[in-house]
Amino acid sequence: MIYKNLSKYYDQLFSDNSSYEKWVNLVKKNITGNKIIELACGSGDVSYKLSKYYDVLATDISEDMLNIVKEKYPNLKVMKMDMKHVEGNYDGVICFCDSINYLSSLEECEIMFKSVYECLTFGGKFIFDIHSIDRIDEFKNGYIEEGYVEGVPYSWEISLDINKLYHTFAFYLENDTVFEQHIQTIFDINDIISIMKNIGFNVEVYTDFDKKGITKGEKYFLIGGKI
């Protein structure tokens, strides 16, 4: 299970308050209803910030991550949920931090997007981000990061195989070495848009939060409206 051993160090390695604020502003700009569900919520920072403005349910498939959310934000509503199978009815569905790239195929994307569409109210919005195609060039020669987190030496290696990113984390404990590997798929943005439109979404695309359309950058942001 991913985000098990890594969950303990998640905030120290990945926390990015400036990006969290941009995600929150993107949601506030586009979702006018009240009820929101966040899929793959991580340690809950975005859900917590949004809970000041919306009725938010934070969900994740990792119980270890959800335990961290409960500890950090005891008043936030949380639920274990597979993002491919969304339950309930919402004015907005959000999924950030490259989480959709954890899906292994376009078929899994279609399953998820259909589930999201069915649970949205009419006029509701589905907002998510994914890696841009430029990430393939960025990681074609690999990547390695080494350092300390909570006093524990660690390494984070990224390797590329066609359109798959392999993230390998190692934590060098005093008497043991703990490994965890994550696999992400880099999708063609046009395939993603096509699936969404076939399901019934109208689709807006931005690059890196605020550049309209598909341009060079790290992330694509998609806003799908149920009409």
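Predicted, not measured: the structure shown is a model, and the values here were computed from it.

About the cut-offs
- Residues numbered from 1 in each chain as written.
- Predicted model: local features only at pLDDT ≥ 70, side-chain atom pairs only at ≥ 80, totals over all residues.
- Heavy atoms only, no water.
- Pairing = 2+ DSSP bridges.
- Helix = DSSP H or I, 4+ residues; strand = E, 2+ residues; numbered from the N terminus.
- Axes fitted to C-alpha atoms, helices over the stretch in contact; angles between N-to-C directions.
- Phe/Tyr/Trp six-rings, centres within 6.5 Å; stacked < 30°, edge-to-face > 60°.
- Buried < 20%, exposed > 50% of the residue type's maximum accessible area, 1.4 Å probe, protein only.
- Lys NZ or Arg CZ within 6 Å of the ring centre and 35° of its normal.
- Salt bridge = Lys/Arg side-chain N within 4 Å of Asp/Glu carboxyl O.

Enquirer: Can you help me understand the sheet that holds strand 7 (residues 152-161) in this one?
Expert: Pairing between the strands of a sheet is mediated by backbone hydrogen bonds and can be parallel or antiparallel. Spatial ordering of the open sheet is given by 6-7-8-9, a layout of four strands whose pairing is antiparallel. The outermost strands of the open sheet, each flanked by one partner alone, are strand 6 (143-149) and strand 9 (177-185). Averaged over all pairs of adjacent strands, the angle between their axes in this sheet comes to 15 degrees, without regard to strand direction. In the sheet, strand 7 pairs with strand 8 (residues 164-172) via eight bridges, with the strands oriented antiparallel. Paired with isoleucine 158 across the strands is histidine 167, a residue of strand 8.

Enquirer: I would appreciate a short explanation of the packing of aromatic side chains in the present structure.
Expert: Given two aromatic rings, their pairing is described by the distance between the two centres and the angle made by the two planes. Using the criterion set out here, one finds 20 aromatic pairs in the structure. Judged by centre distance (6.1 Å) and plane angle (55 degrees), the rings of tryptophan 23 and phenylalanine 209 are tilted. With tryptophan 23 in helix 2 (residues 17-30) and phenylalanine 209 in the loop between strand 10 (201-207) and strand 11 (211-212), the pair connects residues that are 186 residues apart, well separated along the chain. Of the two residues, tryptophan 23 and phenylalanine 209, neither departs from the other in class, the shared state being buried. Taken together through their ring pairs, the aromatic side chains of Tyr3, Tyr10, Phe14, Tyr102, Phe139, Tyr143, Trp156 and Phe169 make up a single cluster. Note that lysine 28 overlies the ring of tyrosine 53, its terminal NZ or CZ placed 4.1 Å from the centroid.

Enquirer: How do you make sense of the pattern of salt bridges when you look at a structure like this?
Expert: A side chain of one charge can pair with a side chain of the opposite charge when the charged atoms of the two come close. All told, the structure shown has 15 salt bridges when counted by the stated rule. Notably, a salt bridge pairs glutamate 21 with lysine 49, separated by 3.1 Å at the nearest N-O pair. Taken together, the residues span a long stretch of sequence, with glutamate 21 in helix 2 and lysine 49 in helix 3 (residues 45-50) at a distance of 28 residues. Judged by relative accessible area, lysine 49 falls into the buried class, the value being 17%. Note that lysine 219 and aspartate 98 form a salt bridge whose closest N and O atoms lie 2.4 Å from each other. Residue lysine 219 is found in strand 12 (residues 219-226), and its partner aspartate 98 is found in the loop between strand 4 (90-95) and helix 5 (106-119); the two are separated by 121 residues along the sequence. Using a relative accessible area of 15% as the deciding quantity, one classes lysine 219 as buried. Residues joined by salt bridges that share partners form a network here, namely Asp11, Asp45 and Lys72.

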